[in-house]
Amino acid sequence: LLYIFSDGYYDQFGGSNKKKFSIRRFRELLLEIHQESMEQQHHLLDQRFLEWKGEYDQLDDILVMGIKVD
């Protein structure tokens, strides 16, 4: 899999301490979900983002694109 993404996902503030999601946490999430179907990955990324963001406003546009090469 090849992922292309903007900084919008991991720069989002949220969580219990109103911190950024972070590139480290984003990388761990991709490693955690990479074996799921692309459709399921989309769902899991959306779900995790909304959970993290909580009541905070979305700060930036978000692009996450996965390309599966067989």
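Above this text you will find the structure in question.
Calculation notes
- Residues numbered from 1 in each chain as written.
- Predicted model: local features only at pLDDT ≥ 70, side-chain atom pairs only at ≥ 80, totals over all residues.
- Heavy atoms only, no water.
- Salt bridge = Lys/Arg side-chain N within 4 Å of Asp/Glu carboxyl O.
- Buried < 20%, exposed > 50% of the residue type's maximum accessible area, 1.4 Å probe, protein only.
- Phe/Tyr/Trp six-rings, centres within 6.5 Å; stacked < 30°, edge-to-face > 60°.
- Helix = DSSP H or I, 4+ residues; strand = E, 2+ residues; numbered from the N terminus.
- Contact = heavy atoms within 4.5 Å.
- Core = buried A, V, L, I, M, F, W, Y, C linked by side-chain atoms within 4.5 Å.

(A) Inspection of the pattern of salt bridges at higher detail. The full count for this structure, using the stated rule, is three salt bridges. We note a salt bridge from K20 to D11, for which the minimum N-O separation is 3.8 Å. Residue K20 is classed as partly exposed on the basis of its relative accessible area, which comes to 40%. Judged by its relative accessible area of 24%, D11 is partly exposed.

(B) Geometry of the packing of aromatic side chains. A full pass over the atoms with the stated rule returns seven aromatic pairs. Taken together, a centroid distance of 6.2 Å and an interplanar angle of 85 degrees make the contact between F5 and Y10 edge-to-face. Look at Y9 and F26: their rings are 4.9 Å apart centre to centre, the planes differ by 45 degrees, and that puts the pair in the tilted class. You can see Y9 sitting in the loop between β1 (2-5) and β2 (13-14) and its partner F26 sitting in helix α1 (residues 23-33), a full 17 residues away along the chain.

(C) How the structure looks around unusual backbone geometry. Not every positive phi belongs to a glycine, and K18 is a case in point at roughly 50 degrees. With respect to the helices and strands, the residue K18 is situated in the loop between β2 and β3 (19-20). Phi at S22 takes a positive value of approximately 85 degrees, unusual for a residue other than glycine. Tracing the sequence through the fold places S22 in the loop between β3 and α1.

(D) Molecular detail of the environment of Y10. With respect to the element layout, Y10 can be found in the loop between β1 and β2. Put simply, Y10 and I23 are 13 residues apart on the chain and 5.4 Å apart in space, counted from C-alpha to C-alpha. Residues contacting Y10, with those up to four places away along its chain left out, are F5, K20, F21, S22, I23 and F26.

(E) Layout of the nonpolar core. Judged by nonpolar contacts, Y3, Y9, Y10, F21, F26, L29, L30, I33, L45, F49 and W52 together constitute the single largest core of 11 residues. Among the secondary structure elements, those contributing two or more residues to this core are α1 and α2 (38-53). Sorting elements by how many residues they give to this core places α1 first, with four residues. Once residues within four sequence positions are removed from consideration, L30 is found in contact with Y3, F5 and L45.

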